[in-house]
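Remarks on the overall topology
Take a look at the letters that make up each chain.
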Amino acid sequence: MGELYASCTRFLNGHGARQPDRVLSDIVDELGDFHIDTYGDGGVVADLEAEACELLGKPAAVFMPSGTMAQQIAMRIHADRTGRDVLLWHPTCHLALHEGEAVVRLHRLQPRPVGNTHRLITMADLEEVAEYAAVLLLELPQREIGGQLPEWDDLVAQTGLARSHGTATHLDGARLLESLPFYQRTAAEVAALFDSVYLSLYKGIGGLAGCVLAGDEQLVVEAREWRRRHGGTLFRLWPYAAAGLAALRRRGPRIPRYVEHARAIAAELATLEEVTVVPDPPVTNMAHLHIETEGEAFKAAARSLAIEDKIWTWGYAQPTALPDRVAVELVVGDATLDWPPEEVRGMLALLIERALSRPDD
Ligand SMILES: Cc1ncc(COP(=O)(O)O)c(C=O)c1O
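Residues numbered from 1 in each chain as written. Predicted model: local features only at pLDDT ≥ 70, side-chain atom pairs only at ≥ 80, totals over all residues. Heavy atoms only, no water.

Let's shift gears to the site of the ligand. Taken together, 13 residues form the shell around the ligand, and within it Gly67, Thr68, Asp172, Tyr202 and Lys203 come nearest. Backbone polar atom of Gly67 to an oxygen atom of the ligand: 2.7 Å apart, as the coordinates give it. When the free accessible area of the ligand is taken as 390 Å², the share hidden by the protein chains comes to 88%. Class assignment for the residues of the shell around the ligand results in three nonpolar, five polar and five charged. (Near = heavy atom within 4 Å. Polar contact = N/O pair within 3.5 Å; in protein donor to acceptor, adjacent residues only side chain to side chain. Areas by Shrake-Rupley, 256 points an atom, 1.4 Å probe, with all protein chains shown as cover. Nonpolar A, V, L, I, M, F, W, Y, C, P; charged D, E, K, R; others polar.)

Okay, here's the thing in structure tokens:
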């Protein structure tokens, strides 16, 4: 995908391909003068951590080079604190699917998936869990099912139940900012339901990589120690922290526009017979498009669009439970704002048509 992606001039998803000079000039434009850190102490890393505390309404926050590292660390600290080892989470959360069973292999913890793969966790799912767990991890929005969000009252009830059992609550808020227009609440109001919160710096807001982990002072002091143990306290962390802070300031305020545009695009796409939007309407800046087509043919059509028209759409098409449908993810960012919804509809219709007319190999 690398070279072909980089050769494109228009991008449907996210913020498009940004060259290094542009990334660096964005940082300088946004932050002006800033200072470097040493092993994560001081400079722009501390500035970012202070801003994250303010945003999330938590006493302390620490920069982490990846969400993968941050959340393993949060799970470990909560398990140590509670003296329990069971982790409750959705069957499709990032730790369950994409981290090589790290919490089991590295920390000897015991995941217990709750609820059904295809829908959000419900109160009834949680009430079925007889044991008292170390942590309840909720992912907002639930990415693998198109970015769905529980109603506010459900969120309050579920975190309340966990807390009444002495279970810590942790928020996988990789895309927390993208969830706020739905709740019409501040990040701090949502974060208040959780003992620890992880916020990505590169997903919706488009930094380089990394995240912040926020919570009480003691949790964050311990998390810093664990970051060193995990090899995450690099000699200089400032490039990631600076890119993250600049992205937070620059794109944080744009998120409501992304969400609105995602809804407008989804409304257009839902009129295509072959397309089902999940969730419909979208509640964040993302949605999954389930498309009645054959995966390889769809990928080939997307590839030819990239080669011939320099338009990058998707480099993959995920299989779904239905053999005649594939799924792709729509994520609205700066690049998507350049696409009127009708144009996206036309482009997707073209891809489907090309996929259907692809001669058998
Ligand atoms: C919901 C969610 N949580 C955690 C992560 C992990 O983030 P990182 O890539 O920073 O390790 C991701 C990454 O895609 C994610 O989507």
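Where helix 9 (residues 176-183) contacts helix 13 (residues 255-269), the axes come no closer than 9 Å and their chain directions differ by 70°. Classed by the angle they form, the pair helix 9 and helix 13 counts as roughly perpendicular. Judged by residue contacts, Leu177, Glu178 and Pro181 of helix 9 engage Ile255, Pro256 and Val259 from helix 13. Residue composition of the contact of helix 9 with helix 13, by class: five nonpolar, no polar and one charged. (Axes fitted to C-alpha atoms, helices over the stretch in contact; angles between N-to-C directions. Helix = DSSP H or I, 4+ residues; strand = E, 2+ residues; numbered from the N terminus. Parallel < 35°, antiparallel > 145°, perpendicular 65-115°, else oblique. Contact = heavy atoms within 4.5 Å.)

This brings us to the domain arrangement of the chain. Considered domain by domain, the chain is made up of domain 1 (2-14 + 254-357) and domain 2 (20-251). Contact with domain 1, which involves 15 residues of that partner, is made by 18 residues of domain 2. Summing both sides of the interface, domain 1 and domain 2 together bury roughly 1300 Å²; the carbon and sulfur share of this comes to 62%. The interface formed by domain 1 and domain 2 holds two salt bridges in total. Two residues, Arg143 and Glu329, come together in a salt bridge whose shortest N-O distance is 2.8 Å. The interface formed by domain 1 and domain 2 contains five residue pairs in polar contact (both at pLDDT 80 or more). (Domains from an automatic or database assignment. Buried area = accessible area lost by both parts, 1.4 Å probe. Salt bridge = Lys/Arg side-chain N within 4 Å of Asp/Glu carboxyl O.)

A word on the environment of Leu126. Mapping Leu126 onto the fold places it in helix 7 (residues 123-127). Judged by relative accessible area, which is 6%, Leu126 ranks as buried. Leu126 sits 187 residues away from Thr313 along the chain, and the two C-alpha atoms are 38 Å apart. Excluding its chain neighbours within four sequence positions, the residues that come into contact with Leu126 are Leu88, Val114, Ile121, Leu136, Gln158 and Leu161. (Buried < 20%, exposed > 50% of the residue type's maximum accessible area, 1.4 Å probe, protein only.)

Let us look at the pairing of strand 5 (residues 135-139). Strand 5 sits mainly inside the fold: five of its five residues count as buried. Residues Val135, Leu137 and Glu139 line one face of strand 5 and the alternating positions Leu136 and Leu138 line the opposite face, and both faces are buried. Across two bridges, the pairing between strand 3 (residues 86-89) and strand 5 is parallel. For Leu88, the partnering residue across the bridge sits in strand 5 and is Leu136. Of the strand pairs in this sheet, strand 5 and strand 6 (residues 168-173) are connected by five bridges, and their pairing is parallel. Its bridge partner being in strand 6, Val135 is matched across the sheet by Ala168. As for the winding sense of the linkage, the β-α-β connection from strand 5 through helix 8 (residues 152-164) to strand 6 is right-handed. (Pairing = 2+ DSSP bridges. Right-handed = clockwise from strand over helix to strand, strands pointing away.)

We now examine the nonpolar core. If you look at the biggest cluster of nonpolar residues, it comprises 84 residues, and the most contacted ones within it are Val190, Leu289, Phe298 and Leu348. Taken domain by domain, this core gets at least three of its residues from each of domain 1 (2-14 + 254-357) and domain 2 (20-251). Not counting residues within four places of it along the chain, the set of residues in contact with Leu348 comprises Leu269, Leu272, Val275, Leu289, Ile291, Phe298 and Trp314. The next biggest cluster of nonpolar side chains, apart from the first, holds 27 residues, and it includes Met64, Met69, Ile77 and Leu137. (Core = buried A, V, L, I, M, F, W, Y, C linked by side-chain atoms within 4.5 Å.)

What follows concerns helix 11 (residues 217-229). Residue pairs three or four apart in sequence face the same way in an α-helix, which turns once every 3.6 residues. For helix 11, with 13 residues, the first-to-last C-alpha span of 19 Å sits near the 18 Å given by 1.5 Å per residue. Within helix 11, burial applies to Leu219, Val220, Ala223, Trp226 and Arg227. Taken down its axis, helix 11 places every buried residue within 115° of arc, on the same side. Opposite its buried face, helix 11 presents the exposed residues Arg228 and Arg229, each directed more than 90 degrees away. Of the surrounding elements, those touching the buried residues of helix 11 are helix 3 (43-56), strand 2 (60-64), helix 4 (67-82), strand 7 (196-200) and strand 8 (211-215). With a side-chain oxygen lying 3.1 Å from the backbone nitrogen of Gln218, the N-terminal cap of helix 11 falls on Asp216. Downstream of helix 11 by one or two residues, Gly231 has phi in the positive range, about 75°. (Expected span 1.5 Å × (residues − 1). Arc of directions from axis to C-beta.)

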